[in-house]
Amino acid sequence: MRIIDTKEIEECVYQMARRAGLTLTDSCRAALNCAKERETGAAEFALSALLENETTAKREQMPVCQDTGMAVVLLSLGQEVQLVGAPLKDAVNEGVRRAYEDGKFRKSICDPLTRVNTGDNTPAHLHVEIEEGDKIEITYLPKGFGSENMSQIRMFKPSAGLQGIKDFIIEAVETAGPNPCPPMVVGVGIGGTFDKCALLAKKALMRPLDSSNPDPFYADLEKEMLEKINELGIGPQGFGGKTTAIGLNIETLPTHIAGMPCAVNINCHVTRHKSEVI
């Protein structure tokens, strides 16, 4: 049994939150550069501006986007780990609180109806999964809501078939249009339950954009859907062009024989996430 003080988790979350807010992921930056080579006119100008913005943010140590997001934390906890110290959720929230204060990041979290701001960007949205081993893997994703608001979930009957899923993915992106600051990253969850399906879509956003689903069937579906999305012509920042999305990842789970849930979680071009292992 390995004993870990939750103070380590707090510090890990703090460091990831500070760094994630300032830069894009490597695969996102590479995808934007690749897209820029394919575009002309206003689309090329928009992509150049986005890349210049990231360079400036990194140099000046400023947020790469003014929406510094809601803190989403996925924590994989080895079952041979014994946690001591403050409660886990308190440690995660303290790491987020400190990061947003010290980084002077925008604090965006409020009561859903009264709209009273919590003042420190907490609580984080924490997901804990128990795995084998004696390590803790933490992934931190600051999720902006210009894109989150464009996300959709639908509970299909199995009779909708593969074509129903394909049509829904395209519909969700087309409905989003320029609102989520394209080029987008599209996370798709298929299967599970209503709630698990949405989490699958969120997890899909945490995968590198140059990765593929390990199942060839879903890897082919990822490629097909990305191609069809980029045929919509929405383009960078809605100016038209060949690049409406720079990535589409699909995550799946088995589901009930009577259902076929599908969630589409849209992210803007500012794909930010960090992972660490304790």
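The shown structure was predicted, so the numbers you read here are calculated from the model rather than taken from an experiment.

Here we take up the nonpolar core. A general tendency of soluble globular proteins is for nonpolar side chains to be buried together. With 25 residues, the main nonpolar core has Ile9, Ile136, Ile138 and Tyr140 as its most contacted residues. A total of seven residues in this core trace back to one element, the largest contributor, which is helix 1 (residues 6-20). With residues up to four places along the chain from it excluded, the contact list for Tyr140 reads Met16, Ala17, Ala20, Ala71, Val72, Val73, Val96, Tyr100, Arg272, His273 and Lys274. Residues Ile169, Ala245, Ile250 and Ile266 belong to the second largest nonpolar core, which totals 22 residues.

Moving on, we come to helix 2 (residues 26-38). The end-to-end C-alpha distance of helix 2 is 19 Å, a good match for the 18 Å that 13 residues give at a rise of 1.5 Å each. Residues of helix 2 that are buried make contact with helix 3 (41-60) and strand 8 (245-255).

As for its position among the elements, Leu24 is in the loop between helix 1 and helix 2. In this structure, the C-alpha to C-alpha distance between Leu24 and Lys274, residues 250 residues apart in sequence, is 9.8 Å. Setting aside its immediate chain neighbours within four residues, Leu24 contacts Arg29, Leu32, Glu54, Val64, His269, Val270 and Thr271.

Another aspect to go through is the sheet that holds strand 7 (residues 184-192). On the basis of which strands lie adjacent, the open sheet formed by four strands has the order 6-9-7-8 and mixed pairing. Strands at the two margins of the open sheet, each flanked by one partner only, are strand 6 (152-156) and strand 8. Between one strand axis and the next, the sheet turns through 10 degrees on average, direction left out of account. In terms of strand pairing, strand 6 meets strand 9 (residues 260-267) through five bridges, oriented antiparallel. Each bridged residue has a counterpart across the sheet, and for Phe156 the counterpart in strand 9 is Met260. Docked against the sheet, helix 7 (residues 194-205) engages strand 6, strand 7, strand 8 and strand 9, running at close to 145 degrees with respect to strand 7.

A cluster of nonpolar residues, Ile153, Met155 and Phe194, forms a patch on the protein surface that exposes about 290 Å² of accessible area. Structurally, Met155 is set in strand 6. For Met155, a relative accessible area of 47% translates into the label partly exposed.

Attention shifts here to the sheet that holds strand 4 (residues 125-131). Pairing is mixed across the open sheet formed by four strands, whose spatial order is 4-2-5-10. The open sheet is flanked by strand 4 and strand 10 (274-277), the only strands paired with a single partner. On average, adjacent strands in this sheet sit at an angle of 15 degrees to one another, irrespective of strand direction. Pairing analysis gives four bridges linking strand 5 (residues 136-143) to strand 10, with the strands arranged antiparallel.

Time to look at the pattern of salt bridges. Opposite charge on two side chains allows them to pair when their charged atoms are near. Enumeration according to the criterion identifies 20 salt bridges in this entry. Between Arg19 and Glu276 there is a salt bridge, with the nearest N and O atoms lying 2.7 Å from each other. In this pair, Arg19 sits in helix 1 while Glu276 sits in strand 10, placing the two residues 257 residues apart along the sequence. You can call Arg19 partly exposed: its relative accessible area is 33%. Between Arg207 and Glu222 there is a salt bridge, and its shortest N-O distance comes to 3.1 Å. Within this pair, whereas Arg207 is found in the loop between helix 7 and helix 8 (216-230), its partner Glu222 is found in helix 8, the two being separated by 15 residues in sequence. Under the relative-accessibility criterion, Glu222 is labelled buried at 5%. Each of Lys7, Glu10, Glu11 and Arg98 takes part in a single network of salt bridges with overlapping partners.

Rules used throughout
- Residues numbered from 1 in each chain as written.
- Predicted model: local features only at pLDDT ≥ 70, side-chain atom pairs only at ≥ 80, totals over all residues.
- Heavy atoms only, no water.
- Core = buried A, V, L, I, M, F, W, Y, C linked by side-chain atoms within 4.5 Å.
- Buried < 20%, exposed > 50% of the residue type's maximum accessible area, 1.4 Å probe, protein only.
- Helix = DSSP H or I, 4+ residues; strand = E, 2+ residues; numbered from the N terminus.
- Contact = heavy atoms within 4.5 Å.
- Expected span 1.5 Å × (residues − 1).
- Pairing = 2+ DSSP bridges.
- Axes fitted to C-alpha atoms, helices over the stretch in contact; angles between N-to-C directions.
- Patch = residues over 30% accessible without salt bridge, like charges linked within 9 Å, V, L, I, M, F, W, Y side chains within 5 Å.
- Areas by Shrake-Rupley, 256 points an atom, 1.4 Å probe, with all protein chains shown as cover.
- Salt bridge = Lys/Arg side-chain N within 4 Å of Asp/Glu carboxyl O.

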